[in-house]
Each structure stands twice: as C-alpha cells, then as structure tokens.
Amino acid sequence: MGGLLSVALSRGSPRVAVSHRPALWSPDVPQPATVMKAVAVPRPPGRLVRTGQCSAVGNQRAESRPPSTPDLLGAAYHVRVLILLPPSEGKTAPTSGPSLDLDSLLDADRLTAARREVMSALVEVSRSDEGASVLGLGPRSAEQVSTNLTLETSPCVPAHQLFTGVLYEAARLDSIAEEAAGRAALERHCVVLSGLWGILSPTDLVPDHRLSMGTSLPGPGRLPAFWKQHLAPSLTDMAAQGLIVDCRSADYAAAWKPSARDGIEVVSVRVVRTADDGSRKVVSHMAKHARGLLTGELLRAVATGSVPEHVQVDDIATIAGYLEGIDDVELGEPDRQGRRALTLVTR
C-alpha cells in the first residue's frame, strides 16, 4: 500500500499555510471570495505528514510570451504546471462571433488534418437518422444534432465561454481571462481535451457542437483511441519536464496517459464524499465542482505569481486544502507509471 500525505485534517483546525514563501498572495491583487488566504504563521508541526517521496522533476521555467502570440508550443509550454480539463456537456451557444478558423486552434500544424477527419465523420453521422443515437443524445436533446451541420459557419467564442458546466462555473475562467496575466495563465497552463478538436486552449475560438469523447464514429472509430495516436506528440511536448494536474474524466483521460518515463510528473485529482458511516463514494456533480475550484485557484495563483517558481505536488495539495467544502486532502505515492493520486475529501 502506498503512503498518503494528509493536509487540512479538519475544517475546524487551521489549514496548512503557504505564506512562508515571500511571493505569495500579493495584497495589490484583488482576490475572489473563494480564494485561499495566506496565514502569517509557521507551519504547525505534524500538520503536513509525509510518508512517501515526491518524484524528481526538471527545473525549467517558462519564458514570458505576449498573450497575443498564437504559437503555444515549444519553450512557451515548457512550464512547471499544466492543467488538463475535460470539456462540458453544458454549453452556451454564441449568438455572434467569427466563424471557425482551424489554423488558429492549438497545435494546428499537427492536428488540423485529424480535426477535419472527425468533423467530416461527425457531419455525416449528424445527417443520418441514427445521428442522435450514435451521439448519445436523448429524446429531449435529439434536435441538437443539427448543431453539428454548421460547424464551419456558426459563430465562435473562446472555449472557456462556450463550456458552462459545473466544473467551468466553479473555476470562473471568464473572470481569470479578463486580465492579461490571467489570460496568459489560461493559454500557457491549461489544456481542454475534446472529442471533436482533440485539444484546445481555453482561449481558442470554437462553435457550439455535440460530440463526447466516448463516441464511436464511422471512420475514426472510438475517439479516445483515435485521438491517442494524434495527441501524444503534442501533449508530451507541452508537458515536458513539468507537472501535470489531471482533472479529466475517464473517457478524456483515455485519450492520453502521461508517464514519468516522458519526464512528466502527474497528479490525478480525485474527489470522494465521506458518508455518515465513514464509507466513501464518488459523486459526479461534487467531483466536477471541486476540480473546478482547484483549477480556478491554481490558475489565479499562477497569474499572480503566488506559487513557487518550481511548484511541487505538495504546493498543489496545499492549495487544495484551502478550497471551500474540502475537509481533507490525501496525496498518494507514485504508481508504476509515476502518477500520483490527489484525493479531495468532502462531506
């Protein structure tokens, strides 16, 4: 059995502070109500107990890059933290905006051909009588299949505005994108997995659509297997010598599995609820909400320079310990692929 690192043992006791680092939480930067507050006290003895060892990682730091620069690969993506998100079924269809430009999407040079293949297959399926069934749309949402017939002409908005599910509402990415530093953090430190586009920057402009990663399309086949072969080079380059914070659900996680063998440190975020009898179970809505809160807090910390230059897994666990509604945080030892589980415990 692997050891656990436990943080924030109860909501009634002070949580582990990270304010001993001088760069944390500038008073000049307004913070949202849910952001963690620095506590100017030494770390309480025994509060942070380590029974395992963190895996070693590289010490590279991203060079600054103007937010308007479209190329997000290369040195700009060799950063210490990269957050992986799923999209959301809940979307707010834009009423205006530019049309789709595939050449503007993340890593277009590598992925445009694959994106066109999936788009073509999706249009064909959406025109058929079996379209709603293939796409997993129920009777109430079957009419939404027509959304897929106008992908290249429909108005587009940034992905962080299009996706409005539980995770995205909790993360409040729109508010992060309002400032230049926040927008840069989104572009450099966050990637959204997508059944249709493979991967997206949260700031990529895309239209409303209906296609989940768990779908099997004629031609491409099952999308996790299809995208796995195409995404590995892109994501491995983006995450090289860095720390992955993986907030994806199962279907999206299957499309790329990072490994320590690639020089990548991985922490997968799990959320469990403790019942009155002490048993634990996963509640989907709660898991999405907690992952969204962690995503938002981590991106805000990156944007304000409020995390260490070479952030470690322990720092991610500490940030998680400040989240509203989280009673405990457990950090497991690395598995055979070097991945660690960060478990957020709620009630």
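What you are looking at is a predicted structure, and each value in this text was computed from that prediction instead of being measured.

Along the chain, the regular secondary structure elements total 10 helices and 13 strands. Residues classed as buried in the chain amount to 53% of the 347 residues present. Of the accessible surface of the chain, which amounts to about 15600 Å², a share of 50% is contributed by carbon and sulfur atoms.

You will see that D107, though not glycine, has its phi angle at about 50°, which is positive. The topology assignment puts D107 in the loop between β2 (81-85) and α1 (108-127). Residues other than glycine seldom take positive phi values, yet R172 does so here, at roughly 55°. Inspection of the secondary structure puts R172 in the loop between α4 (166-171) and α5 (173-177). Take R172: its relative accessible area is 37%, and that puts it in the partly exposed class.

Attention now goes to helix α9 (residues 284-303). The end-to-end C-alpha separation of α9 is 28 Å, in line with the 28 Å expected for 20 residues at 1.5 Å each. In terms of burial, α9 is a largely internal element, 14 of the 20 residues being buried. Residue G305 follows α9 closely and has a positive phi angle near 70°.

With 87 residues, the main nonpolar core has W227, V245, L342 and L344 as its most contacted residues. The biggest single contributor to this core is α9, with eight residues. Setting aside chain neighbours within four positions, we find L342 in contact with V267, S268, V269, R270, L294, I316, A317, A320, V329, E330 and L331.

With that settled, the discussion passes to the layout of surface pockets. What the largest pocket holds in volume is close to 1000 Å³. P86, P87, S249, Y252 and K288 are, among the 46 residues lining the largest pocket, the residues nearest its centre. Elements with a minimum of two residues in the lining of the largest pocket: α4, α8 (250-253), β10 (265-274), α9 and β13 (339-346). Across the lining of the largest pocket, the residue classes break down as 22 nonpolar, 13 polar and 11 charged.

Let's shift gears to the confidence of the model for the chain. Of the residues in the chain, 77% have a pLDDT of 70 or more, and the chain-wide mean is 80. Note that residues 5-79 has pLDDT below 50 and, in this model, 154 contacts with residues that lie over four places away or in other chains.

A separate point is the packing of aromatic side chains. Applying the stated criterion across every chain, the model contains two aromatic pairs. Measuring from ring centre to ring centre gives 5.1 Å for F226 and W227, while their planes differ by 80°; the resulting arrangement is edge-to-face. Each of the two residues, F226 as well as W227, counts as buried.

This brings us to the pattern of salt bridges. What the rule picks out here adds up to 10 salt bridges. For the salt bridge of R300 with E297, the shortest nitrogen-to-oxygen distance reads 3.7 Å. Residue R300 and its partner E297 are located together in helix α9, separated by three residues, close to a single helical turn. The exposure class assigned to E297 is buried, which follows from its relative accessible area of 4%. Taken together, the shared-partner salt bridges connect D107, R110 and D237 into one network.

Here we take up the packing of α9 against helix α10 (residues 313-321). Between two packed helices, what matters for the description is the angle formed by their axes and the separation of those axes. Running from N to C, α9 and α10 point in directions that differ by 120°, and their axes come no closer than 10 Å. When the interaxial angle is binned, α9 and α10 end up oblique. Once α9 is placed against α10, the crossing between them reads as right-handed. Each of L294, E297, L298 and A301 in α9 lies in contact with α10, whose residues at this interface are I316, I319 and A320. Of the residues contributing to the contact of α9 with α10, the split by class is six nonpolar, no polar and one charged.

What counts as what
Residues numbered from 1 in each chain as written. Predicted model: local features only at pLDDT ≥ 70, side-chain atom pairs only at ≥ 80, totals over all residues. Heavy atoms only, no water. Helix = DSSP H or I, 4+ residues; strand = E, 2+ residues; numbered from the N terminus. Buried < 20%, exposed > 50% of the residue type's maximum accessible area, 1.4 Å probe, protein only. Areas by Shrake-Rupley, 256 points an atom, 1.4 Å probe, with all protein chains shown as cover. Expected span 1.5 Å × (residues − 1). Core = buried A, V, L, I, M, F, W, Y, C linked by side-chain atoms within 4.5 Å. Contact = heavy atoms within 4.5 Å. 1 Å grid on protein atoms, 1.4 Å probe; cavity = no way out; pocket = protein on both sides within 12 Å on 5 of 7 lines; lining within 4 Å. Points joined across faces, edges and corners; volume = space filled by probe spheres on them. Nonpolar A, V, L, I, M, F, W, Y, C, P; charged D, E, K, R; others polar. pLDDT = per-residue confidence, 0-100. Phe/Tyr/Trp six-rings, centres within 6.5 Å; stacked < 30°, edge-to-face > 60°. Salt bridge = Lys/Arg side-chain N within 4 Å of Asp/Glu carboxyl O. Axes fitted to C-alpha atoms, helices over the stretch in contact; angles between N-to-C directions. Parallel < 35°, antiparallel > 145°, perpendicular 65-115°, else oblique. Left-handed = near helix turned anticlockwise from the far one by under 90°.

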